Structures are given as C-alpha cells and as structure tokens.
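Fold and geometry: a report
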Amino acid sequence: MLLPVLKRLGDMVVAMFGISVLVFLIFFAIPGAEPASRIAGRNASPETVAAVRLSFGLDQPLPVQYLIMMKKLFITQDLTSFVNRGYKVIPAVMNAAPITLSLVAGAALIWIVFGLLIGVLAAAFKNTWIDRLLMVMSLIGISMPAFWLGAVINLFTQSRWHDYWLFSWVPPLGYKPFVESPKLWALTLVLPCFSLAVGYIGIYGRVLRANIVEAMQEDYIRTARAKGVSESRILIRHALRTSLISVVTLFGLDFGQLVGGVAVLTEIVFALQGVGKITFDGLLNLDLPVIMAAVLYSALFVVICNALVDMLYILIDPRERTDG
Amino acid sequence: MADALRNLLEVRDLHVAFRTSRGKVQAISGVSFDVAPGEVLGVVGESGSGKTISLLAVMGLITDPNAEITGSIRFRGKELLGASNKELRSIRGREIAMIFQDPMTSLTPVYTIGWQIAEQVRAHGPETAKQARDRAVELLTAVGLPNPGEAVDRYPHQLSGGMRQRAVIAMALSCNPALLVADEPTTALDVTVQAQILDLLARLRRDFGSAIVFITHDMGVIAEIADRVLVMYAGRVVERANKRDIFLEPRHPYTHALLQSIPPITGDRPRRLKSIAGTPPSLFAMPSGCAFGPRCTSRVAACSAVPGLTGEPAHQAACFVTGMR
C-alpha cells in the first residue's frame, strides 16, 4: 500500500522538474526570445535591460540561468516584476492561491454532491420523465457559460433586487479571508462557487448516469440479482461503486485545471483576485516573471491533483494496488 | 397433484418473446420440463437455442422491459411468474442459486470475494458481519479453495479463473439452495480445471443435496454429470430422456447429429468430424414447421407442420419421422 504511494510521489517530482525545464526553455531559449527585454517590459530603458541581464545571469550558460530562475522562484522567492516596479511575484501568487482554492473547492463540493445525486437518480429512473427532466436540466447547466451566469447572478443580487429579502444576505463582491471572518468568507463564496459549479454538475450528472447505466449491463450485476440482493443495493453498492472510478479521473483533471487558473472568468466576474486573474493581468502586461510563476504554479497544482487522484484510485480500485 | 410435490421445479408451456424494432421475436416457444429434488438435469443445445433464456426466466432475471413471458413456472408448487420482486428476491440466492458462464466478469471487481459471499448470506439471514465472514471461509473450504482464510480477503482479479469459479460456486451454495442453476460453468475454463469443477459440483450435490440444472453445449460434460437430459433447438425442447437413452438411443435427428459431432476415442481417427449442415435458424426468420427441417437429412412432407413431443413419458422426442419409434 505504501510503495505505490511513494512511486507516485516520485513520478510527481519528475513531472514537475520536466515542466519547469520546458517552461524555462520556452521563455529563455527559443530563438528570438530575448528574455532580457521581455522581462524588462515594453519601452524599457537600456539601463533596465542591463539590470535584468545582471539579475537573471543572462550572460551565463543556460543551465545556470535555469538554476538562477528556480532559485528566485522557490528558494529566495524574490522574483520581482520590472513592468510593475517593486511588485513581488511570489507573494502575489501565494495570496491569490487561497482565493482560487476556496472558490474551486467550494464549487467542487457543490458539483460532486449534485452531480452524484442527478446521476444516480437519472440512472435509477432510466427512461422515465424523471430521467429526461434531469438530463435536460443538466444540458441547460452545461450550456450556460459560467461568466454569463455569474454576470446574471450579480445583476440580480448586487443591483436590481439587492434590497429584496431573498438577496439581502449577499455581501459586496470581493473576497474576505477566512481568518478575518469565517461567516463573510463563506457568504462571499456561495454565489461564485455556485455559478462555477453549475456546468460541472451537468457534466458529472450525465457522465455518471451513462456509467451507471453501462455498469448495470455487466455480468456482475446479474450475479448480484441472482444472489437476491435488493435493487437499490445493487445500484449503490455495485453499479455506482464501480462507476466512481471514471468519475474520479475526470474530477482530478477538472479540479487541477480550475485551481491552476482556468476559473479566471468566474474570478473576474466576481472580482476575486485569484490565480486566474493574476495570470490574466500578467499576460495583458506581457510581464514575464508573473507569467512564469503563474504557469509553474498551475502546473504544480495539476500535477498534485493528478497524484492525489492516483492515490485515490488505490483506495477505490483494488486492481490498482497490485501493480505497485 | 402428487407430481407437484415430487418435483422441485415445474415449468409448463413457457414462452418468451422480445419486442424488437424488427418485430416480435419468439425466443422460447412452449418449453416444459421438471426438476426433481437432488437430480441433475442437463440442458444441451447450440448457442441461441434458448437454454440460458429459459433458465433466466425461471430466476426472474430477464430484466429487458421488451420481454413478454407467459406460461407457468412453479417452484415447490408456488407460481413464480408474476410473483412480486420481493418474493422473487427471497427465493433467488436462497432457494435457487445460479452460477454463470464467465467467472472473470461475474464478480464485482471492487469487493473481496469474502465480502461478496457475505453479502448473499446477509441478504437472506440474520447473520452478523462476523458470522457471515466465518461462513464465507467455511464455504471456500468446502469448494476446495486453497488457503481459504486468506482467500476470503482476495479481490477477484487476484484469483485465477478456476479459483474464481470456485468462489462463485461457494457463493451460490451459501444458503444451501434446493436448486442450483449452472449456466455453462466450465466453458470459460481450461480442460483440467473443467474436470475439477465438474467433480466439485458432483461432490457438492452429494453433500448439500441440491438439484442442479446444468446448461451446456458440451455432450461430454452431459455424459459426466447429468441424470436426465433436455435437448433444445431454436427455442423448443426437441428431446428429453435419461442420459443413457440420449447417448444410446437418440430419437431426434438433431440429438443424433450432436452425438455424431463428438470425436470417437477408439478406432481410426475420422478424417473430418461430422458437422451439422447449415446454421441454426435466425429468430427473425423461423422456418414454418419443424425448425430443424432445413438441416435435417430425414426430412419428409409431414415436417412442414410443427411436431409435438411424443413417446412414453420417460423418453420423448419432437419428430414425425423418428419420434414414434
């Protein structure tokens, strides 16, 4: 049980190293990349470019440049933006991370609960009106872009009907750290999480329904029926249990991506200074240090989430345990 | 009424049809048979002859909403067709258990075999988790799984095909069923493992006293284990007799042809095995009259009508030409 976990941790380190090298090469070694003037920003004076060259050791061989970059990113953590003078990149990303993490974790909780509920109900009532209604509803959910839904929610809760009793609890847009006020933290996150989750609820509900319906055709379901086990137990303990394996795969990919900054549109609509927003701003300003830090941060999260999913596999699928 | 008490299972005039986009398909047409306590009934026939469907109907395991099942299926005198799901559930697994063809796919991959046996034990009895587990170990011992105390915590993928089939058999026996339906339980196994499983079933029948309905297409397996034999073709019973009569005096041309297709173990090796010309009829295009007619070498004019089973009660065949003999 421990060995496969260690093996996956090892894989994770190797993947992270590979990604960091690749990202570094893209920005530093591609012909015409001119890292010094990129880092210095548009319309930089020659003095600034010279300062960048010195600070990043750009007159030295590539491997040394890579090490200097990694040291600035991970050890001294003093990578600064030249476009935005004095802007410390790492603390900015570190401050943004909990915001994105809260948003995505909250959304994930919502979409897992409702996705499971919809998938199981639809499969249990396959081909009845309940199934059809749930499937149409999830299709509508998938079709609504999260940013549009967010904007509509804001329209109602922030301006038009804000004083109406139904929405009077909604705090102003923005983020409140948990340590300052757990209640406000939760309240500010409810609507952003919900609007981010809606599309995923639809996707997970549909995927799970399809998986359960397929699993119900398996021979082991017939065996369970022949044993005299009740239909509801067959659905939950046999069909749902085996269907969870593919849902967990999907979840690892989605969660990793979202934490890595894919939730940018939701963050912008709800004025959350998350990782997506920081990456977005970095790209707008062509601010290379910010982009590098953000890209590596998202890669780190995708890798961590996938490693966690792999470990979750070991837990839920006994067949994964022996190949260690 | 004496019959009803003597027989464990009585199937009368069973019809199973499926509504499909190409019209209604008759999979089983008027199948009747009995199973007495403790006997082994062999059911033979080619793939698609309706062997499995008729036994799935007995178990109430045809879940296709497009299936139409009529006739009568009585177990210990109690009608099963039209019985509620709850009633069926209390019989399935407890009084009638089933072993399936492919042990690789008939166990849920994410649970240990002990868990799966315990699930059945606890579905029908008051046992605690601990007692059910002990019972699982006991059953695994009875079916001859090596090291049962450890095997009980194994997952299906950690066992070989033969071991899995033993686990499935242990599960089927967990409630001492009066009737065990074995649907080609040896087809997916190697020949040596096949022989072990057959021995096991024969021994368990002695020890547990269960009647067995053994579905197969292998006449060799029938010779090994059956008391009486039911030969099915295209959804009908074409011959039924005790084992000796089936092998020594087959009456239906189809049974005869099936026996001809077994290689002899003495004498010269034949150049080619005799096979039955043609293929079984498609359910969508049943010939009118005797379904075996188009492939039959003894065909006569009368065969354009459907033959019924004739002959003395102990040996009947559905053939105009040879059935009366």
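Refer to the structure presented above.
Since the structure is predicted, the reported quantities are computational estimates derived from the model, not experimental observations.

Definitions and limits used
Residues numbered from 1 in each chain as written. Chains lettered and ligands numbered in written order. Predicted model: local features only at pLDDT ≥ 70, side-chain atom pairs only at ≥ 80, totals over all residues. Heavy atoms only, no water. 1 Å grid on protein atoms, 1.4 Å probe; cavity = no way out; pocket = protein on both sides within 12 Å on 5 of 7 lines; lining within 4 Å. Points joined across faces, edges and corners; volume = space filled by probe spheres on them. Helix = DSSP H or I, 4+ residues; strand = E, 2+ residues; numbered from the N terminus. Nonpolar A, V, L, I, M, F, W, Y, C, P; charged D, E, K, R; others polar. Pairing = 2+ DSSP bridges. Contact = heavy atoms within 4.5 Å. Axes fitted to C-alpha atoms, helices over the stretch in contact; angles between N-to-C directions. Salt bridge = Lys/Arg side-chain N within 4 Å of Asp/Glu carboxyl O. Polar contact = N/O pair within 3.5 Å; in protein donor to acceptor, adjacent residues only side chain to side chain.

Let us look at empty space enclosed by the protein. For the structure shown, the criterion picks out four cavities of 30 Å³ or more. Taken as a whole, the largest cavity encloses approximately 90 Å³ of empty space. Gln-158, Leu-173, Thr-188, Pro-192 and Phe-270 of chain A are the residues nearest the centre of the largest cavity, which is lined by 14 residues in total. Mapped onto the lining of the largest cavity, the elements with two or more residues apiece are α7 (146–160) and α8 (182–215) of chain A. By residue number, the principal contributor to the lining of the largest cavity is α8 of chain A, which donates four residues. Of the residues in the lining of the largest cavity, the class split is nine nonpolar, five polar and no charged. Thr-223, Ala-226 and Lys-227 of chain A together with Gly-93, Ala-97, Met-98, Gln-120, Val-168, Met-171 and Ala-172 of chain B are the residues that line the second largest cavity. With three residues, the top contributor of residues to the lining of the second largest cavity is helix α7 (residues 161–172) of chain B. In the lining of the second largest cavity, the residues fall into six nonpolar, three polar and one charged.

Looking now at the pairing of strand β2 (residues 23–35) of chain B. When strand β1 (residues 9–20) of chain B meets β2 of chain B, the two strands line up antiparallel, connected through nine bridges. Bridging across to β2 of chain B, Leu-14 of chain B finds its partner in Val-31 of chain B.

Residue and element names in this part refer to chain B. The antiparallel open sheet is built from four strands, whose spatial order is β2-β1-β4-β5. Bordering the open sheet on either side are β2 and β5 (78–79), each of which pairs with just one other strand. The strands that helix α2 (residues 51–59) touches are β1, β2 and β4 (67–75); relative to β1, the one it contacts most, it runs at about 110 degrees.

This part covers the interface of chain B and chain A. If you look at the interface, chain B gives 28 residues, while chain A gives 23 residues. At the junction of chain B with chain A, the criterion picks out two salt bridges. In this structure, Arg-233 of chain A and Glu-119 of chain B form a salt bridge, with 2.7 Å as the shortest nitrogen-oxygen distance. Counting every contact that joins chain B to chain A gives 12 residue pairs in polar contact (both at pLDDT 80 or more). Secondary-structure elements contributing two or more residues to the side of chain B that touches chain A are α2, β6 (96–99) and α4 (113–124) of chain B. The element contributing the most residues to the side of chain B that touches chain A is α4 of chain B, with six residues. The residue makeup of the side of chain B that touches chain A, split by class, is 14 nonpolar, 10 polar and four charged.

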